[in-house]
Structure formats: C-alpha cells, structure tokens
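# Per-entry structural report
So the chains spell out like this:
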Amino acid sequence: MLKKYSYVFILFSFVSFSQTITIDDENYTATNLTNLILNGSCITPDNISYSSSQAVAKFDSNGSTFPITEGIILRTGIAK
C-alpha cells in the first residue's frame, strides 16, 4: 500500500514542476526564424527557405522557469 502511495506522490511532484511553453508555427517566415537564431551577429542571411513550414516553429518560455527563453524547433515531422 505504501508503494502505491509513493508512486502517486512521485507522479504529482512531476506534474507540478512541468513547464509551459508557447509554440508558434504560423507567424514566422524562414528569414524571421533565421534572424532569431543569429540575433544581431555580424552574419547577414540571404536566400533562406525551408521545404515544409510545418516542420519549423518558434517557441517561447512564456515566463516559466524553462531554461531556454526562446528559440526555434526544427523537426522532420510536424513541429507542434
């Protein structure tokens, strides 16, 4: 019985520490996402494209304690 309660406690402790991030896969072009990565560096991107707009998305930590504040998701499937 104690083992069963231990599993429930562990499950709820993981759920309470989960992070909420926002994923936007509709409002950014390939150039916008590239500029997000380069973020003011001395590189000027030119002729940027991707083959599937569903495989690229921007994420934001949404004020949570997720260790990365913002970035992009690159994936072979749907990035959502």
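What you are looking at is a predicted structure, and each value in this text was computed from that prediction instead of being measured.

## Regarding the confidence of the model for the chain
- The pLDDT averaged across the chain works out to 76; a share of 75% of its residues lies at or above 70.
- The least confident element of the chain, judged by mean pLDDT, is helix α1 (residues 2-16) at 57; the most confident is strand β2 (residues 56-60) at 86.

## Some points on the sheet that holds strand β1 (residues 22-24)
- Pairing in this open sheet of 3 strands is antiparallel, and the strands run β1-β2-β3 from one edge to the other. Looking at the sheet topology across the chains shown, the edges are occupied by β1 and β3 (70-74). Between one strand axis and the next, the sheet turns by 30 degrees as a mean value, whatever way the strands run.

## Details of unusual backbone geometry
- Phi is positive for Asn-47, which is not a glycine, with a value near 55 degrees.
- With respect to the secondary-structure elements, Asn-47 resides in the loop between α2 (30-38) and β2.
- A positive phi angle, close to 60 degrees, is found at Asn-62, a residue other than glycine.
- Inspection of the secondary structure puts Asn-62 in the loop between β2 and β3.

## Things to note about the pattern of salt bridges
- Scanning the model with the defined rule gives 2 salt bridges in all.
- Linking Lys-58 and Asp-60 is a salt bridge whose minimum nitrogen-to-oxygen distance equals 3.8 Å.
- Across the salt bridge formed by Glu-70 and Lys-58, the nearest N and O atoms sit 3.4 Å from each other. Of this pair, Glu-70 sits in strand β3 while Lys-58 sits in strand β2, and the two are 12 residues apart along the sequence.

## A few points about the pairing of β2
- With 4 of 5 residues buried, β2 is to be regarded as a mostly interior element.
- With 3 bridges connecting them, β1 and β2 associate as antiparallel partners. From the neighbouring strand, Thr-22 faces β2, where its bridge partner is Asp-60.
- Pairing analysis gives 5 bridges linking β2 to β3, with the strands arranged antiparallel. When the sheet's bridge partners are listed, Ala-57 is paired in β3 with Ile-73.

Cut-off values and rules
- Residues numbered from 1 in each chain as written.
- Predicted model: local features only at pLDDT ≥ 70, side-chain atom pairs only at ≥ 80, totals over all residues.
- Heavy atoms only, no water.
- pLDDT = per-residue confidence, 0-100.
- Helix = DSSP H or I, 4+ residues; strand = E, 2+ residues; numbered from the N terminus.
- Pairing = 2+ DSSP bridges.
- Axes fitted to C-alpha atoms, helices over the stretch in contact; angles between N-to-C directions.
- Salt bridge = Lys/Arg side-chain N within 4 Å of Asp/Glu carboxyl O.
- Buried < 20%, exposed > 50% of the residue type's maximum accessible area, 1.4 Å probe, protein only.

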